[in-house]
Amino acid sequence: MYAKLICNPPLGQATIVTPHSQSVKFTVLIESSASPEKTLNVALWHNHNDPNKWESLALKEINKPATVLTLHCGQNESLQQQWFTVDLHGQSRPKTPVSFTITFRAGEDEPWKWANDHFSTSDGQLLYQALALQDQDLTDYVDGLGPYLEINKEASETPNTLLWSVNTPVNAASGAVSGYSDSKLGTPIAVSRWFSLVRLWSPWLAPRQGKGQFRPDKDAVMAAFLRDDGSHMVVLAVSGVDDVLTALHHDGQGAIVINSRNDSEKEGTAKLIVAVAQTFEVANAAVMYHARKLVTKYEVGSGEIEAEMKAMSDNGMKPAWLENWYDGLAYCTWNGLGQHLTEQKIFDALDSLENNEINVTNLIIDDNWQSLNNEGANQFQRGWIEFEANKEGFPGGLQQTVSEIRKKHKNISHIAVWHALLGYWGGIAPEGKLAKNYKTVSVQKKDGVSGGKMLAVAKEDVPRFYQDFYSFLSSAGIDSVKTDAQFFLDELENATDRRNFIRTYQDAWIINSLRYFSAKAISCMSQIPQILFHSQMPSNKPRLLVRNSDDFFPEVPASHPWHIFCNAYNSLFTQHLNVLPDWDMFQTSHPWASFHAAARCVSGGPIYITDVPGKHNVELIHQMTAKTARGDTVILRPHTVGKTIEAYTGYDEHVLLKIGTYVGMARTGTGILGIFNVSQRSLTEMIRLDQFPGTEEGTYIIRSHNTGQVSEPVNRNDHFSFVQVEIPIQGWEILSAYPMRTFELERKEPAAGPASVSVSNLGLLGKMTGAAAIVNMDMYIEKSSGRLRVWTSLKALGIYGLYVSDLSDRSLKDDFMALLFGRPIPLHCVKINDQPPNVLEIDVVRAWKESDSKASWSNEVAIEIVIR
């Protein structure tokens, strides 16, 4: 018998049972090839009453719950679906996990099959939370704390959280040789699962997960532990204060080891922050908030914040100027145009985009525009000669190229150029103009891909070097930069060079990007701890765009699901920095294009494409973007950073990756889940309403982007408030949970439709994150007429959608009126959606054109629907 079994709570994973829960409802769906005449038996096996004694509990077959929305990648009509449920009553003993699994058989005369064996899975776990944290001391959470540790209890900025700072001394450097210290923190107690972000290699972070003992394969900047009592402990290693680099490792037996390096010739201090809370997000926020306080205090003392504030004041920058930079669709030359870059290739690429009606707002001129020596050598052997662009590719100079672009392509607001933090991959060319104009030093980099000696601008001249360079770029019409290879600061071999370079280069770059480009800068290959904390954590300036993971590699198939997974988990950390995580460029005609596109849309960050000229998926671009009333192309960026909602789930666990984000105000906004299959087999899961961010209270409808299907109204009290979603290999889906409001119409005149109506504002349909098109909205009963008015301000044009609970019982002509800026919208611009039939659609693009409307100063579009 072929069978597929889906269980909620899921097998193979840990589920937290919240306080006051008197029972846990298990729901099992089995799709099988069993004969309809045969009766399936399903049983829950568990050790709820005694950890050493397993018991069986029979599940009862039920009809498919009406509130369940089913999304299939391909329905097999020969299979039958059967639903089963049972309640596991009672609360477990404190701090005692409950294990469970499922058995089933196709009739009384058939042998029982164990789900773990049949589906290559493992027991699920229930972790029962107490009403509040029972233990108050760090010794209750970490065993074997060293006597050499200075531990202080701190006041947390998050509620119901325990917080400690942990300090330990680090030896001073001796000349060019750093001081080191390895100190044992201790062993986390009663750990079910753990998660950490490790230094994959010098420039990048990446996630690691495990069960039981803490044993990451590389140094970590943070670690989180899901405990048997359902609480979470997060440990953060703070760097960037003084000259100390701190990371977390292990001793092979599960204990956390503090690895520290001190580049200062004074004794230093390794700093950890530890938090315990009932949720991962609260504990994670607690350590990051406290780290920001530590770092900001240090930055104020060093004068860095004052210098940055002065740079912003000198420039007269305003946050509003950054709207197009954050939300405009960007084109990057890197993968699309190759490494032999010329201005003609750029012109041709922009013409191709325009011919396909792809109006990018931002252009990034990536690597290979600079004047370099050693033609034909690899990038690490080439040095930078002068500020001006290379004469072969840009014969008239950078200013002429930029002028031509701006003259012909009026839609482009911002033009950025790429450069390495130390100039180029191979540093400064010894024979060039730069080496003659600025003091330089020879530095040794660690062995590896980028190892060897190179020439760099010396500490004394770095501020003048950056001021001159960015002044030149600004005079050439460049108004933004992408600054790469920042990890070179940590690749320097000796302590003296690192001490001289790390803060000097960061500060000069930040101050001059503020002064000349109003913070329109992309930081790349910069996930070294000293930069994460020193430059990216303080919140005194506009948010930087910061690359969030390793590159998009179009020619490496296995890299694509890992790229999305890695970004989703790195964002658990970077969400608390003063940055917008940048998930890198991608190509819209690539086999994995829609997978990448969906991930970028839920990331909360910018979107760049790097298409080869003529190879564009215009329909896919339309799903990611919309045009404003002025004709600009904008992305529909959610209001929060997209991140995984399951920190402890590993890459190889055959579980759908769920990336959560949110749009709008608390309780009235839309929770969004991007769902991605990063495994090598088709996966089916039940996605619960409570997994959508921001859906704590109220009634919602859940809508699928790919199919347009809409669920029945659901709330968290419904036992079956979930979506059954099947995602094939390389597949994805975006689900949006829209809050629903119910109104009683106060009729002053006869009308055809019912007096009670429930509505949800869907934003723009056909867009992956269409709810993000909503700038403002209001729903109210008009006192004078008793009619319901739904007012929406949109940031762009498109097909506007409004869910109306009983639309099929109403007359479009008699019960509705739609207005654009107060003027009636023609009936032919309004329709009822074919599937489902309770979604009202308004073609705002057509209505806008036919009304000959003009964009106002705000560039927003006001839609109003009146229901009577």
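In what follows, the structure referred to is the one given above.
Residues numbered from 1 in each chain as written. Predicted model: local features only at pLDDT ≥ 70, side-chain atom pairs only at ≥ 80, totals over all residues. Heavy atoms only, no water.

(A) The overall build of the chain, seen in detail. Within the chain, the secondary structure is distributed over 17 helices and 53 strands. Based on the C-alpha atoms only, the size of the chain along its principal axes is roughly 85 × 75 × 50 Å. Going through the 868 residues of the chain one by one, you find that 62% of them count as buried. Summarising the internal contacts of the chain: among those between residues at least 6 apart in sequence, 72% fall at separations of at least 24. Here the chain displays about 32,600 Å² of accessible surface, and carbon together with sulfur accounts for 49% of that area. Taken as two groups, the 79 positive and 97 negative side-chain charges of the chain have centres that lie 3 Å from each other. (Helix = DSSP H or I, 4+ residues; strand = E, 2+ residues; numbered from the N terminus. Buried < 20%, exposed > 50% of the residue type's maximum accessible area, 1.4 Å probe, protein only. Contact = heavy atoms within 4.5 Å. Areas by Shrake-Rupley, 256 points an atom, 1.4 Å probe, with all protein chains shown as cover. Lys, Arg positive; Asp, Glu negative; His and termini not counted. Charge placed at Lys NZ, Arg CZ, Asp CG, Glu CD.)

(B) Structural context of the environment of Glu 782. Assignment of secondary structure puts Glu 782 in the loop between β46 (774-781) and β47 (788-794). Taking the C-alpha atoms as reference points, Glu 782 and Glu 746, separated by 36 residues in sequence, lie 8.8 Å from one another. Ignoring any residue separated from it by four or fewer positions in sequence, one finds Glu 782 in contact with Arg 787 and Arg 789.

(C) Just the packing of helix α9 (residues 462-475) against helix α11 (residues 495-517), in detail. It is the contact of α9 with α11, at a shortest axis distance of 9 Å, that shows an interaxial angle of 30 degrees. In terms of their interaxial angle, α9 and α11 are classed as roughly parallel. Along this stretch, α9 crosses α11, giving a crossing that reads as right-handed. On α11, the residues touching Val 462, Pro 463, Tyr 466, Gln 467, Tyr 470, Ser 471, Leu 473 and Ser 474 of α9 are Thr 504, Tyr 505, Ala 508, Trp 509, Asn 512, Ser 513, Arg 515, Tyr 516 and Phe 517. (Axes fitted to C-alpha atoms, helices over the stretch in contact; angles between N-to-C directions. Parallel < 35°, antiparallel > 145°, perpendicular 65-115°, else oblique. Left-handed = near helix turned anticlockwise from the far one by under 90°.)

(D) Up close: the nonpolar core. In terms of nonpolar packing, the biggest core is built from 184 residues, with Leu 473, Phe 573 and Phe 676 touching the most fellow members. The element that contributes the greatest number of residues to this core is α11, accounting for 9 residues. When neighbours within four sequence positions are excluded, Phe 573 is seen to be in contact with Leu 197, Leu 205, Val 221, Met 222, Leu 236, Met 288, Leu 532 and Phe 533. Within the second largest apolar cluster, 28 residues are counted, among which are Trp 164, Val 170, Ala 220 and Val 235. (Core = buried A, V, L, I, M, F, W, Y, C linked by side-chain atoms within 4.5 Å.)

(E) Fine view of the sheet that holds strand β40 (residues 683-688). In space, the 3 strands of this open sheet follow the order β7-β42-β40, with mixed pairing throughout. Two strands bound the open sheet, and with one partner strand each, they are β7 (69-71) and β40. Averaged over neighbouring strand pairs, the angle between their axes works out to 15 degrees when direction is ignored. Bridge analysis of β40 against strand β42 (residues 722-727) gives 6 bridges, and the strand direction is antiparallel. (Pairing = 2+ DSSP bridges.)

(F) How the structure looks around α9. Counted at 1.5 Å a residue, the expected span for α9 with its 14 residues is 20 Å, and the 20 Å between its end C-alpha atoms agrees. Turning to α9, the residues buried within the fold contact β26 (384-389), α7 (398-408), β27 (414-420), β29 (452-457), β30 (480-484) and α11. Phi for Gly 477, located one or two positions after α9, is positive at around 95 degrees. (Expected span 1.5 Å × (residues − 1).)

(G) Region of interest: the packing of aromatic side chains. For the structure on display, the rule yields 40 aromatic pairs. Centre to centre, the rings of Tyr 438 and Phe 465 are 5.5 Å apart; their planes meet at 80 degrees, and the pair counts as edge-to-face. Of this pair, Tyr 438 sits in the loop between α8 (433-437) and β28 (440-445) while Phe 465 is found in helix α9, placing the two residues 27 residues apart along the sequence. Comparing Tyr 438 with Phe 465, the two get one shared label, buried. In textbook terms, an aromatic cluster arises when at least three aromatic residues are bridged by ring pairs, as seen for Trp 384, Phe 387, Tyr 438, Phe 465, Tyr 466, Phe 469, Tyr 470, Phe 472, Phe 501, Tyr 505 and Phe 517. Here Lys 445 stacks its cationic end above the ring of Phe 488, 5.3 Å away from the centre of that ring. (Phe/Tyr/Trp six-rings, centres within 6.5 Å; stacked < 30°, edge-to-face > 60°. Lys NZ or Arg CZ within 6 Å of the ring centre and 35° of its normal.)

(H) The arrangement of the sheet that holds strand β53 (residues 861-867) in detail. The strand order β46-β47-β53-β49-β50 describes an open sheet built from 5 strands, whose pairing is antiparallel. The sheet is open, and its two edges are formed by β46 and β50 (823-824), each paired on a single side. Relative to β53, strand β49 (residues 816-820) runs antiparallel, the two being bridged by 5 bridges. Directly across from Leu 820, in β53, lies its bridge partner Ile 863.

(I) Quick peek at the pairing of strand β16 (residues 191-201). With respect to burial, β16 is a largely interior element, 9 of its 11 residues being buried. Where β16 meets strand β18 (residues 220-227), 7 bridges bridge the pair, whose relative direction is antiparallel. Bridge pairing links Val 198 to Ala 220 in β18. Here β16 runs beside strand β17 (residues 204-211); their pairing, made up of 8 bridges, is antiparallel. Residue pairing in the sheet places Ser 196 in a bridge with Arg 208 of β17.

(J) Looking closely at the packing of helix α6 (residues 343-355) against α7. One way to put it is that α6 packs onto α7 with a least axis distance of 11 Å and a crossing angle of 15 degrees. As judged from the angle between their axes, α6 and α7 are roughly parallel. Judged by the twist between their axes, the crossing of α6 over α7 is right-handed. Across from Glu 343, Ile 346, Phe 347, Leu 350, Asp 351 and Glu 354 in α6, the residues of α7 making contact are Thr 401, Glu 404, Ile 405 and Lys 408.

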